[in-house]
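Listed here are the chains, written in short residue letters.
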Amino acid sequence: MRLQKFLSQAGVCSRREGEKMILAGRVSLNGQVIKEMGISIDPEKDHVVVDGKEIRERPHLVYYIFHKPKNVMVTRHDPEGRPTIYDYLKEIPERVNYVGRLDFDSEGLVFLTNDGELHHRMTHPSKGIPKTYRVKIRGRGDVIRKLSGGVDIGGYVTAPCQVKILDDDWLEITITEGKNRQIRRMCEAVGLDVIRLIRVSIGSLQLGDLRPGQYRSLTPSEIEKITRNF
């Protein structure tokens with residue numbers, strides 16, 4: 001088994017994060033620091049250590065939905081000292097990783113898990129997982145046609161998406177991409193100011209009535225659905 005796959009299955013990180021850890025010299029195998037890719041291991045015989053901690057067995061897998069408040073970073077550490085989602089997750093004993101970033105000034109659903117294989121599958125660009133946002137806007141016009149057909153957001157034309165007008169101030173936009181600040185840049189490109197942005201779903205996962213700063217475990221049926229679909 002490849003070393004980065006072992007780290008992913010053990011719930012330490014995603015495969016891509018595991019590759020970065022290896023290249024950074026944070027992983028040792030049988031007492032030797034590993035700094036190259038392509039290393040295979042035998043999980044039954046070899047001893048893997050990450051940041052001084054031995055990685056032995058696959059942990060109990062956990063799955064959570066978190067409602068990220070506005071002005072909170074989706075990262076583990078912020079060099080500017082701003083609050084992060086992990087400030088709200090201190091009661092979770094497992095080391096969970098997030099699926100899908102949200103801007104500092106955006107709100108809504110963040111999915112968290114220590115299931116490294118599921119995390120790898122869900123974050124792979126080829127999956128095209130639909131993500132739905134409620135967007136409070138200022139300005140109007142023929143936005144459905146303009147947004148849904150694809151928008152040039154500066155050297156990149158977005159894929160077609162679904163747009164619904166909920167009322168005079170709110171749109172619902174579903175995309176299958178994840179470019180940096182994509183919704184805000186799309187709206188800006190068609191002359192709309194974004195006043196508020198809330199992600200309400202990722203695939204089959206729904207934010208529901210979860211309040212900002214709160215999190216909950218997925219139900220067994222939600223876990224079955226998301227692990228089956230991805």
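Everything discussed here concerns the structure shown above.
Presented here is a report on the structure given in the accompanying data block. (Residues numbered from 1 in each chain as written. Predicted model: local features only at pLDDT ≥ 70, side-chain atom pairs only at ≥ 80, totals over all residues. Heavy atoms only, no water.)

**Side note on the packing of aromatic side chains**
Aromatic rings considered in pairs are described by the distance between their centres and by the relative angle of their planes.
Piece 1. Using the criterion set out here, one finds three aromatic pairs in the structure.
Piece 2. Note on Phe66 and Tyr88: the rings are 5.7 Å apart at their centroids and 45° apart in plane angle, and the pair reads as tilted. On the criterion of sequence distance, the pair formed by Phe66 in strand E5 (residues 63-68) and Tyr88 in the loop between E5 and strand E6 (97-99) is long-range, its members being 22 residues apart.
Piece 3. Take Tyr88: its relative accessible area is 33%, and that puts it in the partly exposed class.
Piece 4. Where Tyr86 meets Tyr98, the ring centres are 6.5 Å apart and the plane angle is 50°; that geometry is what we call tilted. Note that Tyr86 is positioned in the loop between E5 and E6 and Tyr98 in strand E6, a separation of 12 residues in sequence.
Piece 5. The exposure class of Tyr86 is buried, given its relative accessible area of 12%.
Piece 6. A cation over a ring is seen here: Lys179 above Tyr156, with NZ or CZ 4.5 Å from the ring centre. (Phe/Tyr/Trp six-rings, centres within 6.5 Å; stacked < 30°, edge-to-face > 60°. Helix = DSSP H or I, 4+ residues; strand = E, 2+ residues; numbered from the N terminus. Buried < 20%, exposed > 50% of the residue type's maximum accessible area, 1.4 Å probe, protein only. Lys NZ or Arg CZ within 6 Å of the ring centre and 35° of its normal.)

**A few points about helix H3 (residues 116-123)**
Piece 1. Counting buried residues in H3 gives six out of eight residues, a clear majority hidden from the surface.
Piece 2. Of the residues making up H3, those classed as buried are Gly116, Glu117, Leu118, His119, His120 and Met122.

**A closer look at the pattern of salt bridges**
Piece 1. Overall, the coordinates contain 13 salt bridges when judged by the stated rule.
Piece 2. Two residues, Asp105 and Arg181, come together in a salt bridge whose shortest N-O distance is 3.7 Å. Of this pair, Asp105 sits in the loop between E6 and strand E7 (107-113) while Arg181 sits in the loop between strand E10 (170-175) and helix H5 (182-189), placing them 76 residues apart in sequence.
Piece 3. For Arg196, the salt bridge identified is with Glu107, shortest N-O distance 2.8 Å. Within this pair, whereas Arg196 is found in strand E11 (residues 193-202), its partner Glu107 is found in strand E7, the two being separated by 89 residues in sequence.
Piece 4. Residue classification places Arg196 among the partly exposed residues on the basis of a relative accessible area of 37%.
Piece 5. Each member of the salt-bridge network shares a partner with another, and the members are Asp103, Asp105, Arg181 and Arg184. (Salt bridge = Lys/Arg side-chain N within 4 Å of Asp/Glu carboxyl O.)

**Things to note about unusual backbone geometry**
Piece 1. For Asn30, which is not glycine, the phi dihedral falls at a positive 50°.
Piece 2. Tracing the sequence through the fold places Asn30 in the loop between strand E1 (27-29) and strand E2 (32-34).
Piece 3. Even without glycine at this site, Arg181 takes up a positive phi of about 50°.
Piece 4. A relative accessible area of 35% means that Arg181 is categorised as partly exposed.

**Some thoughts on the environment of Ile175**
Piece 1. You can see Ile175 is positioned in strand E10.
Piece 2. In this structure Ile175 comes out as buried when scored by relative accessible area, which is 3%.
Piece 3. Each C-alpha atom, one on Ile175 and one on Ala159, is 7.9 Å from the other, the two residues being 16 residues apart in sequence.
Piece 4. If we ignore the near neighbours within four places in the chain, the residues touching Ile175 are Ile129, Pro130, Lys131, Tyr133, Cys161, Gln182, Ile183 and Met186. (Contact = heavy atoms within 4.5 Å.)

**Quick look at the layout of surface pockets**
Piece 1. Volume-wise, the largest pocket comes out at about 1,100 Å³.
Piece 2. Around the largest pocket, the lining is made up of 35 residues, and of these Val99, Gly100, Arg101, Thr123 and Gly178 lie nearest the centre.
Piece 3. At the level of secondary structure, the elements contributing two or more residues to the lining of the largest pocket comprise helix H2 (15-23), E6, H3, strand E8 (131-138), H5 and E11.
Piece 4. Its residues assigned to classes, the lining of the largest pocket shows 12 nonpolar, 12 polar and 11 charged. (1 Å grid on protein atoms, 1.4 Å probe; cavity = no way out; pocket = protein on both sides within 12 Å on 5 of 7 lines; lining within 4 Å. Points joined across faces, edges and corners; volume = space filled by probe spheres on them. Nonpolar A, V, L, I, M, F, W, Y, C, P; charged D, E, K, R; others polar.)

**Thoughts on the sheet that holds strand E4 (residues 53-55)**
Piece 1. One open sheet holds the four strands; their spatial order is E2-E1-E3-E4, and the pairing between them is antiparallel. The two strands at the open ends of the sheet, each matched to only one other strand, are E2 and E4. Pairwise comparison of adjacent strand axes, ignoring direction, gives a mean angle of 35° for this sheet.
Piece 2. The sheet contact formed by E1 and E2 spans three bridges and is antiparallel. Paired with Leu29 across the strands is Gln32, a residue of E2. (Pairing = 2+ DSSP bridges. Axes fitted to C-alpha atoms, helices over the stretch in contact; angles between N-to-C directions.)

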